[in-house]
Amino acid sequence: MTEQTSSAGSRRRSGPWSLLAGHPIGIIGAAVMIVVVAAAILAPLLGTSDPIALNPVNRLKHPSELFWLGTDMYGRDVWSRVVYGARVSLTVGVSAAALSVVFGLLIGMVAGYVRWLDGIVMRVMDGLMAIPGILLAIALVSLSGASIVTVIIAITIPEIPRVVRLVRSVVLSVREEPYVEAAISVATPVTKILRKHILPNTIPPLIVQATYVCASAMLTESFLSFLGAGTPPEVPSWGNMMAEGRLFFPLAPWIVLFPGVALALTILAVNVLGDALRDKLDPKLARRI
Amino acid sequence: MWMFIGRRAVATIPVMLVVAFVVFMILRLSPGDPATVIAGDYASPADIARIRAQLGLDQPVALQFVSWIGRLVQGDLGISIFSNLPVTTLIGQRLEPTLMLSLTTVVFSVLVAVPLGAVAAWKSGTWIDRTVMVVAVLGFSVPVFVLGYFLVYGFSLELKWLPVQGYKSPADGIGLFFRHIALPAGALSAFYIALVARITRASVLEVLEEDYIRTARAKGQVESKVLLVHALRNASVPIVTVIGLGIAALIGGVVITESVFNIPGLGRLVVDAILKRDYPIIQGLILFFSFLYILLNLLIDIVYTVLDPRIRY
């Protein structure tokens, strides 16, 4: 525990890579993520064909030299769909993480700093947290119509309260610090106090939280797609592939298994990366969880 | 203690109101006319008008909310658009499988996760600890339906030990019940085991550093008693908290698991309602699950005061 505290203290002077030094599992997680991101960006160059091109002649083909991961019930190439599916999962995961951090930060700073608003804001957040996130997302998507943007919004809303709670707890503890009291006593404007003294303290735990939101968002996207309330069926997302392939599972398990493995591996990598960053950036949290 | 329980119970009311308001507004804030969306693409203007009247959408929003809350308080969750049955009746019909699946999962998860976490903390830094932590991260990362399909593939299709899908009530025979519930509860447990094992490990690890543990060891207390009586009991508050908070995620998992294993519970009810856009059912079930979550966590807060007499708010 002591070595983690000291490395957290010296992190400002070192590059982002040193965050993972001495954390082999974290490095593996980061490496897997780099591969997934590279695959998403370079998808057209990786021996893929059109992921949504139907080819009825080649229905339900076993994995082979021609079709590396086989074909699905419409003759679409599973390898191409898995690679392009990374784009969907990453878009959803990263957008949901970024959006929930931005909104959670704003609401959390207000709740933590403006005392009379605190009670109201936190009761609203308690209420939002009580609603099962997947059900809330399902209801939002089923009413607003399926598109990637709707899915991202629907996944982000249930994630915001957790970020708000985190930011608020940091603000509450930091505002009692002598340097903040000193700043208040010399009539520093509130916005400057928030920006210069409080915001920097929220960043390390937020980075950690963002990785967990990203993993959770990718998981929720796959759940929504699996239930038919996610990204539109023509989008090659991993959840959609498994949802469509499940009827053919005994006959052609590769349609379900390969996107399943890709999804699980990606989420695993993000979670492991998050754990590694947490150990370095937020040793207090590392003790608790 | 009764004062505390009373105050804590009153504090759930504003939270429930927020939930009701959010659930109410989802329908009203969604783009387009909700009645048209619910009626679907092939509805006649008469159908749309009927649904609008049935949902009370032709009245002012504030009035709709007040009358809706009024009916909620009386236990009226509305009437299904397609089956014309009260939502409460539908919930009653489908409650048992969901309840049994959730109970089996929670009991099984806690029985597995608490010893795992405690042993990992006790042997912290060893390969046992690392194995438990790796299993825990896996449990967080493998989607429940992926795990479900892998289990079906192994235990049902290949080994033919267990049925592929379906549900049997304990009333049909306890053996039959367990044969059917084993795979869904197993798939659903992975996440919960991971959650509870992690928090158990962390809180036992913290407690093991306390002075009274050293004292207990110094006076020659058997190690198993140190772990069970001194460490685990004092670590129980965060563990029970997480068991309660995990119920929100469990509910999401139940919805998916029931779809994978074709279990006729509340999860199937909600998924079928989505496909048919039967909004009163979706709305009613979200409320039902949210209130259940709030009440369970109220119950857990009350359990705290028994487990740890120091806690008084």
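Bear in mind that the values here come from a model prediction, so they are computed numbers and not experimental data.

1. Side note on the overall build of chain B
Helix and strand counts for chain B come out as 13 helices and zero strands. N-terminal to C-terminal, the α/β element order of chain B is α-α-α-α-α-α-α-α-α-α-α-α-α. Along the longest, intermediate and shortest principal axes, the C-alpha atoms of chain B span 80 × 55 × 35 Å. When each of the 313 residues of chain B is scored for burial, the buried share is 49%. Across chain B, every contact between residues at least 6 apart in sequence was considered, and the portion connecting residues at least 24 apart equals 72%. Accessible area for chain B stands at about 14800 Å²; split by element, carbon and sulfur atoms hold 69% of it. On chain B, the mean spot of the 24 positive side-chain charges and the mean spot of the 19 negative ones are 5 Å from each other.

2. Description of the domain arrangement of chain B
Think of interface size as the accessible area that goes away when the parts come together; that is how it is often given. Residues and elements named next belong to chain B. Taken as a whole, chain B is organised into domain 1 (2-73) and domain 2 (93-307). With 19 residues of domain 1 at the contact, the number on the domain 2 side is 16 residues. If you list the elements that add at least two residues to the side of domain 1 that touches domain 2, you get α1 (2-29), α2 (34-39) and α4 (61-73). Ranked by residue count, the leading element in the side of domain 1 that touches domain 2 is α1, at 14 residues. In terms of residue class, the side of domain 1 that touches domain 2 is made up of 16 nonpolar, one polar and two charged.

3. Quick word on the interface of chain A and chain B
Contacts between the two partners involve 45 residues from chain A and, on the opposite side, 48 residues from chain B. Taken as a group, Leu135(A), Leu143(A) and Leu227(A) account for 17% of the area that chain A buries against chain B, more than any other trio of residues on that side. Our count for the contact surface shared by chain A and chain B stands at one salt bridge. Of the charged contacts, one joins Asp275(A) and Arg198(B) as a salt bridge, the two residues approaching to 3.2 Å between their closest N and O atoms. For the pair chain A and chain B, the number of links is two residue pairs in polar contact (both at pLDDT 80 or more).

4. Topic: the side chain of Thr150(A)
Looking at where Thr150(A) falls in the secondary structure, it is placed in helix α6 (residues 148-174). The residues touching Thr150(A), leaving out its near neighbours within four places in the chain, are Leu140(A), Val141(A), Ser144(A) and Gly145(A).

5. Quick look at the pattern of salt bridges
Across all of its chains, the model carries 11 salt bridges over all chains by this definition. Asp126(A) is the partner of Arg123(A) in a salt bridge, and the nearest nitrogen-oxygen pair spans 3.1 Å. Pair noted here: Arg123(A) and Asp126(A) are both in helix α4 (residues 115-130), with a separation of three residues, about one helical turn. Here Arg268(B) makes a salt bridge to Asp272(B), at a shortest N to O gap of 3.8 Å. Pair noted here: Arg268(B) and Asp272(B) are both in helix α12 (residues 266-276), with a separation of four residues, about one helical turn. Connected through salt bridges with shared partners, the residues Arg123(A), Asp126(A) and Arg165(A) form a single ionic network.

6. What about a nonpolar patch on the surface?
The grouping of Val37(A), Ile41(A), Leu42(A) and Leu45(A) at the surface amounts to a nonpolar patch, some 400 Å² of accessible area in total. Structurally, Val37(A) is set in helix α2 (residues 24-41).

7. Some words on the packing of aromatic side chains
In total, this model carries 12 aromatic pairs over all chains according to the counting rule given. Aromatic side chains Phe226(A) and Tyr149(B) sit 6.3 Å apart centroid to centroid with 70 degrees between the ring planes, which places their arrangement in the edge-to-face category. Taken as a pair, Phe226(A) in helix α8 (residues 190-226) and Tyr149(B) in helix α7 (residues 144-158) lie in two separate chains rather than in one. For Tyr149(B), a relative accessible area of 7% corresponds to the buried category. Here the aromatic rings of Phe24(B) and Phe65(B) are separated by 4.9 Å at their centres, their planes lie at 65 degrees, and the arrangement is edge-to-face.

8. Observations concerning the nonpolar core
With 175 residues, the main nonpolar core has Trp68(B) and Val204(B) as its most contacted residues. Shared between two domains, this core holds at least three residues of each, these being domain 1 (2-73) and domain 2 (93-307) of chain B.

9. As for the environment of Ala35(B)
Residues and elements named next belong to chain B. Of note, alanine 35 is situated in helix α2. For the pair alanine 35 and alanine 273, spaced 238 residues apart in sequence, the C-alpha separation works out to 15 Å. Once you skip the residues sitting within four places of it in the chain, alanine 35 turns out to touch Ile48, Ile51, Arg52 and Leu57.

The rules behind each value
Residues numbered from 1 in each chain as written. Chains lettered and ligands numbered in written order. Predicted model: local features only at pLDDT ≥ 70, side-chain atom pairs only at ≥ 80, totals over all residues. Heavy atoms only, no water. Helix = DSSP H or I, 4+ residues; strand = E, 2+ residues; numbered from the N terminus. Buried < 20%, exposed > 50% of the residue type's maximum accessible area, 1.4 Å probe, protein only. Contact = heavy atoms within 4.5 Å. Areas by Shrake-Rupley, 256 points an atom, 1.4 Å probe, with all protein chains shown as cover. Lys, Arg positive; Asp, Glu negative; His and termini not counted. Charge placed at Lys NZ, Arg CZ, Asp CG, Glu CD. Domains from an automatic or database assignment. Nonpolar A, V, L, I, M, F, W, Y, C, P; charged D, E, K, R; others polar. Buried area = accessible area lost by both parts, 1.4 Å probe. Salt bridge = Lys/Arg side-chain N within 4 Å of Asp/Glu carboxyl O. Polar contact = N/O pair within 3.5 Å; in protein donor to acceptor, adjacent residues only side chain to side chain. Patch = residues over 30% accessible without salt bridge, like charges linked within 9 Å, V, L, I, M, F, W, Y side chains within 5 Å. Phe/Tyr/Trp six-rings, centres within 6.5 Å; stacked < 30°, edge-to-face > 60°. Core = buried A, V, L, I, M, F, W, Y, C linked by side-chain atoms within 4.5 Å.

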